[in-house]
Amino acid sequence: MIKISTIVLSICLMNICSGSLLLIDRKNPCRAYGNGSVYDITNLVSQWPVTLKGSGYGGEYYYWWSCAGNTRYCEDADTAVCQQRTDGPSIQYNAGNVSPQLWFGVFNGAATQVNLSWDIIYPNRQSNPSLIDGSGIRVTVVHFIVDPNVEKPLLTMNGENKYTEYSITVRGKCIGQPAINRTSFVQGYCDPQTGQVVPGLFMNEIQSYFS
Ligand SMILES: *[C@@H]1O[C@H](CO)[C@@H](O)[C@H](O)[C@H]1NC(C)=O
Ligand SMILES: *[C@@H]1O[C@H](CO)[C@@H](O)[C@H](O)[C@H]1NC(C)=O
Ligand SMILES: *[C@@H]1O[C@H](CO)[C@@H](O)[C@H](O)[C@H]1NC(C)=O
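Residues numbered from 1 in each chain as written. Chains lettered and ligands numbered in written order. Predicted model: local features only at pLDDT ≥ 70, side-chain atom pairs only at ≥ 80, totals over all residues.

Would you mind showing me how to read the sheet that holds strand S10 (residues 117–123) here?
Note: strands within a sheet are paired through backbone hydrogen bonds, in either parallel or antiparallel orientation. Reading across from one edge, S1-S9-S10-S11-S13-S12 is the order of the six strands in this open sheet, with mixed pairing throughout. Of all the strands in the sheet, just strand S1 (20–21) and strand S12 (154–162) have a single pairing partner and so form its edges. For strand S11 (residues 139–146) and strand S13 (residues 165–172), the ladder comprises eight bridges, and the chain directions are parallel. Bridging across to S13, phenylalanine 144 finds its partner in valine 170. (Pairing = 2+ DSSP bridges. Helix = DSSP H or I, 4+ residues; strand = E, 2+ residues; numbered from the N terminus.)

If you want it as structure tokens, here you go:
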């Protein structure tokens, strides 16, 4: 028993659970909070959805990712990631929903963490699963890595890693991570569009907003 739970825990830690569960903003699904920190990817790309290309079951696919949904390709507006074969018939598959999303990251002291990383997991809403086309069992994991050597956000579609699990990596100096301006001591998040630290609300200020 002990052995099994240890194994499960270490698998969990390696693969997905890279941090604590963050609090997702109720009005903006592209934003989440830790304790005294804010993560905001609203301006990660100039326009959502962003189009990525990568491998998938049986060939190459387009993947349209939109952190607030409305991928424009999948019918369901709650779709975060929509996929379609680049060569085959234009059938779209929902590869992860916005509403059940989970953000895992550093909860305490994120703004001072060196080489911070965090994850967003977009599982399918399982309201209408189908074992014929995989509806309901798809999940996309987006892994964010703050890298001071990468000037502009670099988005990579890693394709389908395990059956119906898709993965995207976002790497860059300024990718919406919690940050502090070393000159003004303004605390907030690094805005990918401007490279500036934008002040943000913090957990103590938003507690009433969650209750
Ligand atoms: C949040 O941070 C404050 C100040 O650092 C600390 O006292 C408090 O225990 C933290 N809360 C949680 C839930 O970790
Ligand atoms: C942070 O990342 C940079 C670039 O990948 C690397 O050179 C450096 O060693 C890392 N620092 C720590 C403390 O992990
Ligand atoms: C930090 O603040 C200073 C003074 O307000 C400003 O000139 C600078 O652009 C800011 N830097 C970042 C990265 O936000």
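Next comes the rest of the account.
Would you take a moment to explain the pairing of S13 for this structure?
In summary, the side chains of a regular strand alternate between the two faces of the sheet. Only one face of S13 is covered, namely the face carrying Tyr166, Ile168, Val170 and Gly172; the face carrying Glu165, Ser167, Thr169 and Arg171 is uncovered. The pairing of S12 with S13 spans seven bridges and is classified as antiparallel. By the bridge assignment for S13, leucine 154 is matched with arginine 171. The turn linking S12 back onto S13 is made up of two residues, and threonine 164 within it adopts a positive phi angle of 55°. (Buried ≥ 20, exposed ≤ 12 C-beta atoms within 10 Å, placed from the backbone.)

I tried to follow the pairing of S11 on my own but got confused; where do I start?
Bridge analysis of S10 against S11 gives seven bridges, and the strand direction is antiparallel. For proline 123, the partnering residue across the bridge sits in S11 and is valine 139.

What's the story with the site of ligand 2 in this structure? I'm lost.
In the vicinity of ligand 2, the contacting residues are Val114, Asn115, Asp147 and Asn149. The residue makeup of the shell around ligand 2, split by class, is one nonpolar, two polar and one charged. (Near = placed C-beta within 6 Å. Nonpolar A, V, L, I, M, F, W, Y, C, P; charged D, E, K, R; others polar.)

Help me out: how do you make sense of the nonpolar core in this one?
Most often, soluble globular proteins keep nonpolar side chains buried together rather than apart. Counting residues in each nonpolar core, the largest one holds 44 residues, and the members touching the most others are Tyr39, Tyr63, Val81, Trp103 and Trp118. Among residues more than four places away in sequence, those in contact with tryptophan 103 are Leu22, Ile24, Ala32, Tyr39, Trp118 and Ile120. (Core = buried A, V, L, I, M, F, W, Y, C linked by C-beta atoms within 7 Å. Contact = placed C-beta atoms within 7 Å.)

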